[in-house]
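Spelled out, the chains give:
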Amino acid sequence: MQQQIRAGLLQTFEGEILLADLLHAYPNAQIEDSSMLDRVAQIIEQASFINTDTATRKPDNLALGTRVMALGKELSQQQRLVAGYRKLLRELRMEIDRLADNSAAPHPLGQWLDEAEATLAADGDIIDQPLINETFLRVMTAQATVIPSGHEFFVEGADSILEAGLRGGLALNYGCSNGNCGLCKMRVVSGDTRKIRHHDYALTEAEKGLGYILGCSHTAVSDVVLEADEAQGSADIPKQTIPLRLKRIERPSADVLIVSTRTPRTNRLRFLAGQRATLSVDQVGSALYPIASCPCDDMNLQFHIALNPGDAVAKYLAEAASSNDTLMLEGPNGSFVLDENSPRALVFIAEGIGFASIKGLIEHAMALDTAEQIYLFWITDDDAPPYLNNLCRSWNDALDNFAYRPLPASALQNLADHLDTQLQPAAASGLDFYICARESLREQCEQYAERQAIPARQLLFETI
Ligand code: FES
């Protein structure tokens, strides 16, 4: 169908095709058969690591009213300013006319003023679409800025500040997500917030007086500045034990399982992208697996599991498990995490199943949206494409700052040559490298870093 669209044989308007045109091109298409639509919905759900449920993102009336009121105030200030400039122009015109009173020729300043006013009038007819979009965004969302980090995120609809912050890639401090523990306490420095759910944790009168709120139980009504704790590294993340419900098991290749799970709503996993967790199955065993999803969705956790002989949990998941089974999770573990404050471009290198940790890091980097450029190199063991090749290609196609290159197994012999070719003209010393591969690749990566004068803190290596 895409070939027909590109060739102009099928017309589209804003990405949509008329049903009549579609049936003309594909007379045998079964429109009532929704299996393809179901499949598309499933692909969208899997491709989007952030909950796309827009129904919950509409701002409520109070938030809308407050934001419209703020915009109204701004508009009235601007109108007063414009009225003042108009008056000034009228007076200037009168002054110029008075100067030119005794002269037959028009005053040059008067001519200049005529031209300037004509240009302004013409500019006034231009519709400034980016400004319209920005204004609409300001009505639909509130911007939150966290101090002292300076991190920013948008609060959509009636999302809690905590949910919105996590979705924005921040590692905010929290525990229960439901108003019991008080760990998400933060101070509102400026702006308005509103309580959206009851919380059992009681703030003291002194805390309330200082502007403290619980991020999991409040939303932002206007743009806000918040003083909040954020995890600085894996040492700040507590160990947790959480029951997981098995949602789905897929087998994208002969030796890999993708296991999608869900935590209870009131007992989510706080973790950093790139970390691992131990999964246990009663009377089967337990094993440590990389979390292949983003902390911005702390309820829906994904694991990529290699079907290694001797891994009893993997064998159980491949052969005996069914959806709604319960697994126990303990963790998270590991310090293969993103340097959130780095301004450098990011280079991710995965070997085989090493993509699991890399996927979490990439999704986290996308949520943060601060990296100017992201490179992904995925080395596979055989000639078949990587097991989530289409996902990586969709990132490559959808994001201007994302470059994906699958590499054959032979690249393991001369990875440095591939990097030299692909990363130019970027200077490697100005990049952050995250590599998840077999131990045998470590020495080659370290030699590359030495040759390119890449500081040790800019190259993180995790063994599969
Ligand atoms: S996370 Fe526990 S009270 Fe907010």
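For the structure, check the block above.
Definitions and cut-offs
- Residues numbered from 1 in each chain as written.
- Predicted model: local features only at pLDDT ≥ 70, side-chain atom pairs only at ≥ 80, totals over all residues.
- Helix = DSSP H or I, 4+ residues; strand = E, 2+ residues; numbered from the N terminus.
- Buried ≥ 20, exposed ≤ 12 C-beta atoms within 10 Å, placed from the backbone.
- Contact = placed C-beta atoms within 7 Å.
- Axes fitted to C-alpha atoms, helices over the stretch in contact; angles between N-to-C directions.
- Parallel < 35°, antiparallel > 145°, perpendicular 65-115°, else oblique.
- Left-handed = near helix turned anticlockwise from the far one by under 90°.
- Nonpolar A, V, L, I, M, F, W, Y, C, P; charged D, E, K, R; others polar.
- Pairing = 2+ DSSP bridges.
- Right-handed = clockwise from strand over helix to strand, strands pointing away.

Peer 1: Can you break down the overall build of the protein residue by residue, with the values?
Peer 2: Regarding its fold elements, the protein presents 13 helices and 18 strands. With the principal axes as the frame, the protein shows a C-alpha extent of 105 × 65 × 60 Å. Out of the 464 residues in the protein, the part that is buried amounts to 30%. Pairs at least 24 residues apart make up 69% of the contacts formed inside the protein by residues separated by at least 6 positions.

Peer 1: Talk me through the packing of helix α4 (residues 61–99) against helix α5 (residues 108–124); I want residue IDs and the actual numbers.
Peer 2: Axis separation between α4 and α5 bottoms out at 9 Å; the angle between their running directions is 150 degrees. Considering their axes alone, α4 and α5 lie roughly antiparallel with respect to each other. Here α4 and α5 pass one another in a crossing that is left-handed. Residues Leu92, Arg93 and Ile96 of α4 form the contact with α5, whose participating residues are Leu109, Gly110 and Leu113. Here the residues of the contact of α4 with α5 sort into 4 nonpolar, 1 polar and 1 charged.

Peer 1: Give a description of the packing of α4 against helix α6 (residues 129–140) that names residues and reports values.
Peer 2: Two elements in contact, α4 and α6, have axes separated by 8 Å at closest approach and are oriented at 140 degrees. In terms of orientation, α4 and α6 fall into the oblique class. Residues Leu64, Arg67, Val68 and Leu71 of α4 lie in contact with α6, whose contacting residues are Thr135, Arg138 and Val139.

Peer 1: Describe the environment of Asp339, naming the residues involved and giving the relevant values.
Peer 2: The topology assignment puts Asp339 in the loop between β13 (326–333) and β14 (345–351). Asp339 gets classed as partly exposed once you count the C-beta atoms within 10 Å, which come to 14. Distance in space between the C-alpha atoms of Asp339 and Ile126 is 43 Å, their sequence separation being 213 residues.

Peer 1: Please give an account of the sheet that holds strand β15 (residues 374–379) that cites residues and values.
Peer 2: The strand order across the open sheet built from 5 strands is β16-β15-β14-β17-β18, with neighbouring strands paired in parallel fashion. Looking at which strands have only one partner, the edges of the open sheet turn out to be β16 (402–407) and β18 (459–463). The mean angle between the axes of side-by-side strands here comes to 10 degrees, regardless of whether they run parallel or antiparallel. Sheet analysis places β14 next to β15, joined by 6 bridges and oriented parallel. Note on β15: the bridge partner recorded for Ile349 is Phe377. Of the strands in this sheet, β15 and β16 touch helix α11 (residues 389–398), which is tilted by about 150 degrees from β16.

Peer 1: Kindly report on the pairing of β15, identifying the contributing residues and their values.
Peer 2: Of all 6 residues in β15, 6 are buried, a share of seventy percent or more. Because side chains alternate across β15, one face comprises the buried residues Ile374, Leu376 and Trp378, and the other comprises Tyr375, Phe377 and Ile379, equally buried. Between the parallel elements β14 and β15, the chain passes through helix α10 (residues 355–368) in a crossover that is right-handed. Judged from the 6 bridges that link them, β15 and β16 form a sheet pairing that is parallel. The residue of β16 that forms the bridge with Leu376 is Tyr404. Following the backbone out of β15, through α11 and into the adjacent parallel β16, one traces a crossover that is right-handed.

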